[in-house]
Amino acid sequence: MPSCSRLTSCQLFLPALHQTTTKHTLFPRSSASRASFAFHILDAVFQPNFHPADRPSLFAADQIVRRPGHISRFSRRNSLINMEITAGDLPGLLADDTSVKLAGVDVDGMLRGKLVSKKKFLSIAETGFGFCSVIFGWDMHDMTYMRELKVSNKENGYRDLIAVPDLASFRRIPWENNVPFFLVSFLDPDTEKPIPPCPRGLLRTQVDKFASQGYGAMAGAEYEFYQFKAPPSDRRHSTAAFLQQNPAQSLPPLTEGMFGYSLTRPVHNKDYFYDIFNTCQQFKCDIEGWHTESGPGVYEAALEFGEIRQMADRASLFKYVVKSVATKYGITPCFMAKPKQGLPGNSGHMHVSLVDASGQNLFYRGERDPAPPYPDVAHLSDTGRYFLAGVLEGLPDVMPLVAPTINSYKRLVENFWAPVTVSWGLEHRAASVRLIAPPTCKPGATRFEVRVPGADANPYYVLSAVLALGWRGVEKKLDFPCPPLARGEDVGGSADMGVRLARSLREANDRFTRPGSIAREVFGDEFVDHYGGTRDHEIRLWDEAVTDWEMKRYIETV
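Bear in mind the structure is a predicted one, so any value in this text is a computation, not a measurement. (Residues numbered from 1 in each chain as written. Predicted model: local features only at pLDDT ≥ 70, side-chain atom pairs only at ≥ 80, totals over all residues. Heavy atoms only, no water.)

Attention shifts here to the pattern of salt bridges. For the structure on display, the rule yields 31 salt bridges. A salt bridge links D142 to R112; the shortest N-O distance between them is 2.9 Å. Here D142, found in the loop between β5 (129–132) and β6 (160–173), pairs with R112, found in strand β4 (residues 111–117); they are 30 residues apart in sequence, far enough to count as distant. The class for R112 is buried, based on a relative accessible area of 12%. For R309, the salt bridge goes to E307, with nearest N and O atoms at 3.7 Å. Here E307 falls in the buried class, since its relative accessible area comes to 6%. Here the salt bridges share partners, and the residues they tie into one network are R365, D369, D382 and R385. (Salt bridge = Lys/Arg side-chain N within 4 Å of Asp/Glu carboxyl O. Helix = DSSP H or I, 4+ residues; strand = E, 2+ residues; numbered from the N terminus. Buried < 20%, exposed > 50% of the residue type's maximum accessible area, 1.4 Å probe, protein only.)

Written out as structure tokens, the structure is:
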């Protein structure tokens, strides 16, 4: 690509885009026009209904047309690909279908949905339909919360919410005969506004804050997960059946040993390995990088970088793909934060950056600061510095969003490549926030990698927290609460000046829900009260549980 004073995000993350566009005369010659054009294309490519096979026709035909007043919604005239589906397009789009699958996301990041007839779907595509609010009134195992919460309870009869399909989320489910699929968002039937705990609604609220200033947010996600397989000797070859008669710790891993980035370990299960990769592409949650990670039966996926709301959708749907595909191989993927004692846990790192309407990275300074407060931020813009300071200052107050379960805090311990303090540093892979900026990357790739979340976290809540805290930092022009860690300095060591993050969900939730918390400031009381109540439920269940450790330790000795 011709040189540009400030590279755009897509120049680093979409080499295929570059290869395609440079073959056609539509790619602008001037630097400013290239940046603007690149952002238009970037957003279009990350529309869920865009397919890689259509890339050549996208760039070779008519120009991309931008809707006034919108940063992240683009359409193309006379295109074979309709970037923005309307209700009027649906009869033709679904002409050969008889049913549609719909799903929304609950507080635990689980998809909750149903199959409906095409006739039903067409009748509610614009107005929405009733969906029982109990999905916000019970936990991940369908147990109603011990303390009833405002959104869904006996007093309001577990009334229906309004579930509104997001037509831009259209996909087809390749492992279910290509049945059409749409995500929904949940609205309050009285106000017709997103209910406070709706994950997609919460993220949209944060994105709208930036959009009001002409900014867009980009994100990438990385997920690690263990995989287990029931022994072939089990008659039904079912993990669930095996666990009925055996403790979870006896479930054998997909492969043995610690072999990160191995080329040979995936060969042992190559059909499964490639099925995941290819199915993700077909389901529009493309994997950018896919490899083994250090740990028995552990894989890691880096999902394709893109607009932040679509990234959250793809992160959620990635788990759906993996679990669905794994079923036919008798494999159980495990996204819990710490499946095995003494081994690394499963991370869910999130990469975040801001861009302006032309696609320029707002975290890149442009020219090196000759007198930065710390050498690490010499190339980081003032906006980026304020954003980072906001994330660091608020992180202890939003821990239940990035570490949502009892098990999450088993991962956040010393000596396992997991952050345990409010910490940051340029290219520091053990800190809470890793700054990725020149000179170690291209200018357009300047971003923050938030390394606290585990693979168990709800991606919508994680990205909402990052944006909300970052926006607070920008608005208040906050200073860094602690100096950076130099590479080689240990998190939690003598040089680490950051506060210790919560050691348990109870400690985290107490801080999250306390009066005057930063969480209440950026999200409001209704959301904090609801989500905090769901975590209180989780804590109480843990308090009442009798574990294998207790039985083994005390059964004979006391």
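Further remarks concern the sheet that holds β6. Strand order in the open sheet formed by 5 strands is β4-β3-β7-β6-β5, with mixed pairing between adjacent strands. Each edge of the open sheet carries a strand with a single partner, namely β4 and β5. Direction aside, neighbouring strands of the sheet carry axes that sit 40° apart on average. Relative to strand β7 (residues 179–187), β6 runs antiparallel, the two sharing 8 bridges. If you follow V164 over to β7, its bridge partner there is S185. (Pairing = 2+ DSSP bridges. Axes fitted to C-alpha atoms, helices over the stretch in contact; angles between N-to-C directions.)

Moving on, we get to the packing of helix α7 (residues 199–211) against helix α10 (residues 308–327). Running from N to C, α7 and α10 cross one another at 160°; their axes reach a closest spacing of 10 Å. With respect to their mutual orientation, α7 and α10 come out roughly antiparallel. At the point where α7 passes α10, the crossing takes the right-handed sense. From α7, R200, L203, R204 and V207 reach across to α10, where they touch I308, R309, A312 and D313. Here the residues of the contact of α7 with α10 sort into 4 nonpolar, no polar and 4 charged. (Parallel < 35°, antiparallel > 145°, perpendicular 65-115°, else oblique. Left-handed = near helix turned anticlockwise from the far one by under 90°. Contact = heavy atoms within 4.5 Å. Nonpolar A, V, L, I, M, F, W, Y, C, P; charged D, E, K, R; others polar.)

Here we take up the packing of helix α11 (residues 382–394) against helix α14 (residues 459–476). For the pair α11 and α14, the least separation of the axes is 6 Å and the interaxial angle reads 120°. It follows from the interaxial angle that α11 and α14 lie oblique. In terms of crossing hand, the pair formed by α11 and α14 is right-handed. The segment α11 lies against α14, with T383, Y386, F387, G390, V391, E393 and G394 engaging V466, L467, L469, G470, W471, R472, G473 and V474. Grouping the constituent residues of the contact of α11 with α14 by class yields 8 nonpolar, 5 polar and 2 charged.

Looking now at the pairing of strand β9 (residues 287–292). Across a regular strand the side chains alternate sides, sitting on one face of the sheet and then on the other. Pairing between β9 and strand β10 (residues 298–303): 5 bridges, direction antiparallel. Pairing of T292 across the sheet is with Y299, part of β10. What sits between β9 and β10 in their antiparallel hairpin is a turn of 5 residues, with G295 showing a positive phi close to 145°.

Note that K477 resides in the loop between α14 and α15 (505–513). Take K477: its relative accessible area is 55%, and that puts it in the exposed class. The spacing of K477 and G390 is 87 residues in sequence and 8.4 Å in space, taken between C-alpha atoms.

The next point concerns the packing of aromatic side chains. Under the defined criterion, the tally for this structure stands at 38 aromatic pairs. Considering the side-chain rings of Y461 and F527, the 5.4 Å spacing of their centres and the 75° angle between planes classify their relative orientation as edge-to-face. One end of the pair, Y461, is in helix α14; the other, F527, is in helix α17 (residues 525–544), and 66 residues separate them in sequence. The exposure class of F527 is buried, given its relative accessible area of 1%. Ring geometry for W549 and Y554: centres 5.8 Å apart, planes at 90°, overall edge-to-face. An aromatic cluster of three or more residues is present, and its members are Y223, F225, Y272, F273, Y274, W290, Y299, F318, Y329 and F335. K114 extends its terminal NZ or CZ atom over the ring of F131, reaching a point 5.3 Å from the ring centre. (Phe/Tyr/Trp six-rings, centres within 6.5 Å; stacked < 30°, edge-to-face > 60°. Lys NZ or Arg CZ within 6 Å of the ring centre and 35° of its normal.)

A word on unusual backbone geometry. A cis amide bond, omega 10°, links P438 with the succeeding residue P439. Within the secondary structure, P439 sits in the loop between β15 (433–436) and β16 (447–450). Its identity is not glycine, yet K284 carries a phi of approximately 65°, on the positive side. Topologically, K284 is positioned in the loop between α9 (270–282) and β9. Phi is positive for E427, close to 55°, though the residue is something other than glycine. Looking at the secondary structure, you find E427 in the loop between β14 (424–426) and β15. A residue is classified by how much of its surface remains accessible, and E427, at 16% relative accessible area, is buried.

Moving on, we come to α7. If you check α7, its first and last C-alpha atoms are 18 Å apart, about what 13 residues at 1.5 Å a residue would give, namely 18 Å. Among all positions of α7, only P199, R200, G201, L202, L203, Q206, V207 and F210 are buried. (Expected span 1.5 Å × (residues − 1).)

Note that every value here comes from positions in space, so none of it alone points to a role or purpose.
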